[in-house]
Amino acid sequence: ENIIFTGIQPSGRLTLGNYLGTMKYWKNFQKSSKCYFCIADLHVLTTSLKDRTYFLKRTILDTLSWYLACGIDYKKNIIFVQSHVPAHSQLYWILNCISYYGELSRMTQFKNQVFFKKKNINLGLFGYPVLMASDILLYQSNLILVGQDQKQHLEFTQKIAKRLNSIYGNIFIIPQIFIPIFGKKIMGLQNPLKKMSKTDKNQKNVIFLEDPVKISISKIQLSITDSDNPPRIVYDPQKKPGISNLLIIGSLLSDQKIEILEKKFLNKTYQQFKDWVSIVLKNFLKKIQNLYLYYRKDELKLYQILKNGSKIANNNAQNFLHKIQKKMNI
Ligand code: TYM
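With an unreviewed UniProt entry as reference, the protein is termed Tryptophan--tRNA ligase, source organism Buchnera aphidicola subsp. Tuberolachnus salignus. Quoted verbatim from the Sequence similarities (unreviewed entry) heading of the UniProt record, the comment on the protein is "Belongs to the class-I aminoacyl-tRNA synthetase family."

Listed below in structure tokens is the structure:
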């Protein structure tokens, strides 16, 4: 049986990038695998405390409701909040002691933060990938579902799992990574060379899952394309990043292959293409937002789901942590 792990930081409103990069696929895995869906609140503490953790109570429930709206069955799967399971922090320390300064300094996400943010470069940010490794390895997961930007962190997870195994004997399973071929990196609408991100200051770059339909359509309509004359609606991420990004979005939301869309929009204008993407997006958002609102209303039930999830997660995590500690004589 596969044991699957995935998670999202409840650091703000979820984006179309989060959905198309990974959440869209989650429900397919729940049929035949044991799945852990984590809400990674401890990771949020690495960001600027004042502006993010203030909202955590709300964003945890928001994130959970989006999980449910994506088709995750809370009766079949283990949905839980990271901080409700102390074993994550305990394994984190153990893994810290076999993680090297050099390899963590080479993490792109960390380097970008140092380069662009400059402020609040704390130890938690540096150890961010180690905490991810703890999340994953604690449940003996063998498959992890993520978008492209997390790939380097997961390769790091594989590396330190092997490292601990080589020191203490086989303890960890080495997890495989599932990253979808298309949608693994949805780009900003105003700047298609940069990934779409929850925390982008320019909101026109980002479609939030909770965006009112009108606003999301205006973002598509304003999105950057290119000045090819005559216009060409073809998939070419290098030369045509804006159009290619819209093609991926349209393709994944309509379940039609990119080649089919290229044929459909041969000799059509960018405006006609954007109008079509807008309709497809509108249909998608309407459907998923209805489900979201349905789940989000019932806070008592949401708390109950998290309580049940953390009970099972705690139980499984504690058992395995004990095994690790025993092997290490601590
Ligand atoms: P987070 O919250 O940044 O992102 C959640 C998931 O969404 C994917 N994603 C994207 N995919 C495609 N295009 C985009 N523009 C885009 N933006 C985000 C991410 O790749 C991710 O899969 N550290 C993780 C949460 C986490 C985790 C874990 C994940 C904590 N522990 C253990 C897996 C396993 C994070 O910050 O994701």
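J.: Any chance you could explain the overall build of the protein here in plain terms?
T.: From N to C terminus, the protein includes 14 helices and 5 strands. Since a compact globule built from 330 residues should have a radius of gyration of about 20 Å, the 21 Å found for the protein is in line with a globular shape. When its C-alpha atoms are laid out on the principal axes, the protein stretches across 70 × 45 × 40 Å. Within the protein, the proportion of its 330 residues that are buried is 52%. Of the roughly 16,500 Å² of accessible surface on the protein, 55% is carried by carbon and sulfur atoms. Placing the 48 positive and 21 negative side-chain charges of the protein at their respective mean positions leaves the two points 3 Å apart.

J.: Help me understand the confidence of the model for the protein, please; the structure alone is not making it clear to me.
T.: Do not read the predicted coordinates in detail wherever pLDDT is low. Model confidence for the protein is summarised by a mean pLDDT of 96, while 98% of its residues fall at 70 or above. Interface scoring of the predicted complex returns ipTM 0.99; its pTM is 0.97.

J.: What's the story with the pairing of strand 2 (residues 33-39) in this structure? I'm lost.
T.: On any regular strand, side chains alternate: one points to one face of the sheet, the next to the other face. A large share of strand 2 lies buried, amounting to 6 of its 7 residues. Two strands pair when backbone bridges link them, and strand 1 (residues 2-8) and strand 2 are joined in this way by 7 bridges, in the parallel orientation. Residue pairing across strands places F5 opposite Y36, the latter belonging to strand 2. Taking the sense of rotation as the criterion, the β-α-β connection linking strand 1, helix 1 (residues 16-29) and strand 2 turns out right-handed. Of the strand pairs in this sheet, strand 2 and strand 3 (residues 78-81) are connected by 4 bridges, and their pairing is parallel.

Criteria and cut-off values
- Going along each chain's sequence as written, the residues are numbered from 1 onward.
- Where local features are concerned, this predicted model is filtered to residues with pLDDT of at least 70; where side-chain atom pairs are given and counted, the filter is 80 or more; whole-chain, interface and lining totals use all residues.
- The side-chain quantities take in all heavy atoms of the structure and omit both hydrogens and water.
- UniProt positions are given in the numbering used here, feature names are shortened, and annotations may be inferred rather than shown by experiment.
- Secondary structure elements follow DSSP: runs of H or I of four or more residues count as helices, runs of E of two or more count as strands, with numbering from the N terminus.
- It is over C-alpha atoms that the radius of gyration is taken, and the globule rule equals 2.2 Å times the number of residues to the power 0.38.
- The cut-offs for exposure are 20% and 50% of the maximum accessible area for each residue type, with area from a 1.4 Å probe on protein chains only; residues under the lower value are buried, those over the upper are exposed, and the others partly exposed.
- Computed with the Shrake-Rupley method and a 1.4 Å probe, the accessible areas treat only the protein chains shown as cover for residues.
- Positive charges come from Lys and Arg alone, negative charges from Asp and Glu alone, with His and the N- and C-terminal ends not counted.
- All charge positions are set by atom: Lys at NZ, Arg at CZ, Asp at CG, Glu at CD.
- How sure the predictor is of each residue is captured by pLDDT, a score from 0 to 100.
- For two strands to be treated as a pair, DSSP must find no fewer than two bridges joining them.
- Whether a crossover is right-handed depends on one test, that the path from the first strand over the helix to the second runs clockwise when the strands point away from the viewer.

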